Amino acid sequence: MSAGLRERTRRGVGENVRRVDGVPKVKGSFAYGSDLWHEHLLWGATLRSPHPHARIVRIDLAEAVAAPGVHAVLTHEDVPGKKTYGLEFSDQPVLPWDRVLYTGQPVAIVAAETPELARRAASRIHVEYEVLEPVLDMVRALDADAPRLHEWGNVLRHLHVEHGDPDAEAEVWVEGYYETGMQDQAALGPEAGMAIPAEDGGVDLIVSTQWLHVDRQQIAPVLNLPEDRVRITLAGVGGAFGSREDLHMQIHACLLARYTGRPVKMSYGREESFLAHVHRHPSRIWLRTGAARDGTLVAVRGRIVIDGGAFASSTPAVIGNATTFLAGPYEVPNAYLEGTAVYTNNPPCGAMRGFGAPQACFAHEANMDRLAAELGLDPVELRLRNVLGPGSVLPTGVPIRGSAPVREVVERCRDVPMPPEPEASRLRDPMTFPGGAGNVGHGEGLRRGVGFAVGYKNVAYSEGFDDFHQARVTLSAGPSGPVVEVHSAGVECGQGLSTILTQVAREELGVDDVILHVADTGVDSAGSTSASRQTFMGGGAVQLACRAVAEEVFARVLARGGTAGELGLADERVLADGVPVADLVDLLGEPVSATRSFHHRPTTGLDERGQGDVHVMFAFGAQRAVVEVDTDLGLVRVVHLATTIDAGRAINPQGVEGQSEGGSAQGLGLAVMEEIQLREGHIANASFTDYLIPTFLDMPPVATEIVEDPEPGVPYGAKGVGEIATIVSTAAVVAAIRDATGRPLTRAPVQPDDLVGLREPPPAPPWPPVPHVPGNRPVPEYHGVDLGQSDLKPTS
Amino acid sequence: MLIRVRVNGEWREADAWEGSSLLSFLRDELQLPGSKNACEQGECGSCSVWLEGELVCSCLVLAAQAHGRDVRTVEGLADGDRLHPVQQAFVDTGAVQCGFCTPGLVVAVADLLSRDPAPDELTVREALAGNLCRCTGYQKILDAVRLASDRLGEATP
């Protein structure tokens, strides 16, 4: 484990700052979950269900228990406390006692001397199953005669948003039906961690995760331990993108460690990783957009259905987002938007970068292009006539209170210089053709196209949740000057939080030397590293704690007497009206420490008409994609991406660019190559040989424009930038392919067959039936299903 | 079986299962976890090392194949606290995010520049197409290769 990160630099907020974890990462010395090691270590392995839906008749452990090197073989009978867990609702068995609900669901766990012995022992557990009829289609799940997967049925949440006159008429209507596939986060670092039994009867867990405290809230009741006996320390995180929000090996490793009395490490291989984390929800979207002849939007009617898979995960929040964003970042006076999330026997889906917004964006942007064509308007011009701005009323009935520079976002994206026109085919390096040098063509059927998309997303948790972030800041005298220590449980997944927190501490206290503690449960919750929230929430907590520390320093100055004027800190000195009056280090005979929590402004839930102040604030983005399509072979090369990011304020511009470039790559992936292939609920492409993510040859240059329009009331005006590029990129790239080919392309990812006429667009089925639900809240809530995490209790 | 390998200039030996890959041997037996285990089927390049000076995916090489031979890993690139120019360029350009692909990429870029000190963009993209990165979109990695190439060029006139 890395013992804290230390960096000496003078740079604060708003500058390009080198990552504080850059050096250990390039040297290979940064310890990820899969790198952990301990004396007397045992290795865990997991037996998983081969069926999407089956009843467990019998589990025979005898052969596994007798296998060489085996120390534990555990089933549901060995779970000492609560038998279930889950991110929002506790609907997922730690180990199942009755039925399995998806292929890959853990059934039993093993600890043995080596990984190989553990895997072999797991394969010697014999489970007798009675195979049941699975529900494998999200609309089929709504049928009255579909097998019921949970006591409360197959509907996880159905909500509607009713705004203005839902029956409003318009001069022009366009209608589209869209589908998006199941995407994998494909973080390179596998799910991994190590549990160590402690002398006090508790357990220490070191793990790659996204939110330490919510892991603990789910783990402790299962182990029958008070929360303070479950201490969690963050291991290095090899990317997350939402995939580590749900528990993976945490509880299993703790159970095995407590049973054997030895440290237990679990580290999944790539195939198991595909089975063990949630995915991006596949979606089906029906959308009608109505406008006046001049292009002014009048009404939107939409329905989105998403497949939540076997368990709830964070799906209720995802469908909340997808539904409230379905009309796009446009002023629409009349809207009727409905969203349905269902349970099926497919792998569970949950958080992935964008969290419901990419699916919505794919649909509303495709409809905007249809409308532009129908009206004979330029697609960018049509968008500019309708974009949201400060004070615009959203379909949820509330005005945007803060920054909403959507016009500037769109215009700056439009104005990025276009890439040069291609050279004549005969002059080109064959590597530059779609498909690269392996392409059998020589550029005969090449067509270029341009696509544009605008999107938006909430920053931080919505619908009444108080996802605060706590930080402790300590200022003391070090051997060579003042030193700031920052302690937060905020998770660095690679996005750059560690660097942001040190920048804020430097900025606030005017001290170079900042030490960031490893994130652990020694401080209170930092909330999740998700929802683009950590920059402003973590930055806010460190800023509050630093200001409390500064107040104490100022009190010490004033106690010495003789100082007047407005006090400040800079360059390791105390200033009065800008004039140095004391060296900071001379005031630090006793260290100064403060612990503060930052809360975002409160939000509300949705009322029975889907109205409410549900979102804290919004980040907007736009992308222009230029593609080249080989229309004979159905191959696509993305030539250039221009991405505009509404950052509020860029704390670290280089980091914003990194989020834009990497986020664009993931959106491009969903546009042209990434999809989990399900065959009867089984993932058929659970490897990097079969599940393709963009390589160096697939990614074009990305020109990033950062729009800075500070959000009022948040530290430095900074929004979050982690998700916005991904949201717009899929829509923009597919729009460009439509432009190049003239084909409708209503399903992402686009496949070669779609481009050469071998696969027709999915036929538009009738709008699915509206399920009967008690209200807009998640269905398990009405049935009294335990919450998975106490931090998510709605405050209103 | 006992396997003996010269790793980063030092002879090391350990007992390993016959089926063990060089990657597992380095990580689990020699406690050299710098080479990463992201796909374990030769698709992602995270485990790249030099075997007798040749760039290989250590997940596709049996530990036994490396017996008696020379292996250089990412841990052998820096000279104490002095980073290899490729490592320094990755830090300077923001080419590192989660960092899981970084050791493999640093090794692959160092290998590329040792053969081709000033590669053009297409050459870089082709040479590194076997190294997957999920965070950066590759743009800042391309910047890092250019910067390292420039600095190495200045150092050896």
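Residues numbered from 1 in each chain as written. Chains lettered and ligands numbered in written order. Predicted model: local features only at pLDDT ≥ 70, side-chain atom pairs only at ≥ 80, totals over all residues.

Caption draft 1: Region of interest: the overall build of chain A. From N to C terminus, chain A includes 16 helices and 32 strands. Taking 2.2 N^0.38 as the reference for a compact globule, 796 residues should give roughly 28 Å; the C-alpha atoms of chain A span a radius of gyration of 27 Å, in line with that estimate. By principal-axis analysis of the C-alpha atoms, chain A measures approximately 75 × 75 × 60 Å. Classification of the 796 residues of chain A by burial places 60% in the buried group. (Helix = DSSP H or I, 4+ residues; strand = E, 2+ residues; numbered from the N terminus. Rg over C-alpha atoms; globule rule 2.2 N^0.38 Å. Buried ≥ 20, exposed ≤ 12 C-beta atoms within 10 Å, placed from the backbone.)

Caption draft 2: Inspection of the sheet that holds strand S23 (residues 567-570) of chain A at higher detail. Residue and element names in this part refer to chain A. Across the sheet, three strands lie side by side as S23-S24-S25; this open sheet has antiparallel pairing. Single-partner strands in this sheet number two, and they are S23 and strand S25 (579-583). Neighbour to neighbour, the strand axes of the sheet diverge by 35 degrees on average, direction disregarded. Here strand S24 (residues 573-576) pairs with S25 via four bridges, running antiparallel. Bridge assignment links alanine 576 to a residue of S25, and that residue is valine 579. Against the sheet, helix H12 (residues 534-560) touches S23, S24 and S25, its axis set at about 115 degrees to S23. (Pairing = 2+ DSSP bridges. Axes fitted to C-alpha atoms, helices over the stretch in contact; angles between N-to-C directions. Contact = placed C-beta atoms within 7 Å.)

Caption draft 3: Here's a closer look at the sheet that holds strand S18 (residues 334-342) of chain A. Residue and element names in this part refer to chain A. Read across the open sheet, the six strands follow the order S10-S18-S17-S16-S11-S32; overall the sheet is mixed. Where the open sheet ends on each side, the last strands, each with one partner, are strand S10 (155-163) and strand S32 (747-748). Relative to S18, strand S17 (residues 297-307) is paired through nine bridges, and the arrangement is parallel. Across the sheet, isoleucine 306 pairs through a bridge with alanine 341, a residue of S18. Sitting on the sheet, helix H7 (residues 315-324) is in contact with S10, S17 and S18, with an inclination near 25 degrees to S10. With respect to the sheet, helix H8 (residues 357-375) is in contact with strand S11 (172-180), strand S16 (283-291), S17 and S32, its orientation differing from that of S11 by roughly 145 degrees.

Caption draft 4: Layout of the environment of A:Lys83. Residue and element names in this part refer to chain A. Note on placement: lysine 83 falls in the loop between strand S4 (70-74) and strand S5 (84-85). The exposure class of lysine 83 is partly exposed, given the 16 C-beta atoms found within 10 Å. Separated by 58 residues in the primary sequence, lysine 83 and lysine 25 have C-alpha atoms spaced 38 Å apart. Residues in contact with lysine 83, not counting those within four places in the same chain, are His76, Pro93 and Val94.

Caption draft 5: Geometry of the interface of chain A and chain B. Listed per partner, the contact involves 47 residues of chain A and 43 residues of chain B. For the side of chain A that touches chain B, the elements supplying multiple residues, two or more each, are helix H1 (22-27) and helix H13 (653-672) of chain A. Ranked by residue count, the leading element in the side of chain A that touches chain B is H13(A), at six residues. Residues that form the side of chain A that touches chain B fall into these classes: 20 nonpolar, 17 polar and 10 charged. (Nonpolar A, V, L, I, M, F, W, Y, C, P; charged D, E, K, R; others polar.)

Caption draft 6: Representation of the confidence of the model for chain A. Mean pLDDT over chain A: 95, with 98% of residues reaching 70 or higher. Here residues 1-9 of chain A is modelled with pLDDT under 50, and outside its nearest four sequence neighbours on either side it reaches 26 contacts, counting other chains as well. (pLDDT = per-residue confidence, 0-100.)

Caption draft 7: Representation of the packing of helix H2 (residues 85-93) of chain B against helix H5 (residues 139-155) of chain B in the model. Residues and elements named next belong to chain B. Between H2 and H5, whose axes approach to 8 Å, the crossing angle comes to 135 degrees. When the axis of H2 is compared with that of H5, the two are oblique. Read as a crossing pair, H2 and H5 show a hand that is right-handed. Across from Pro85, Val86, Ala89, Phe90, Asp92 and Thr93 in H2, the residues of H5 making contact are Lys140, Asp143, Ala144, Leu147, Ala148, Arg151 and Leu152. Here the residues of the contact of H2 with H5 sort into eight nonpolar, one polar and four charged. (Parallel < 35°, antiparallel > 145°, perpendicular 65-115°, else oblique. Left-handed = near helix turned anticlockwise from the far one by under 90°.)

Caption draft 8: Inspection of the pairing of strand S1 (residues 2-7) of chain B at higher detail. Residue and element names in this part refer to chain B. Pairing of S1 with strand S2 (residues 10-15) involves six bridges; the strand directions are antiparallel. Note that in S2 the partner of valine 5 across the bridge is arginine 12. The hairpin turn running from S1 into S2, its antiparallel successor, is two residues long, and asparagine 8 in that turn takes a positive phi close to 50 degrees. Two strands pair when backbone bridges link them, and S1 and strand S5 (residues 70-72) are joined in this way by two bridges, in the parallel orientation. Bridging from a neighbouring strand, valine 7 pairs with valine 71 of S5.

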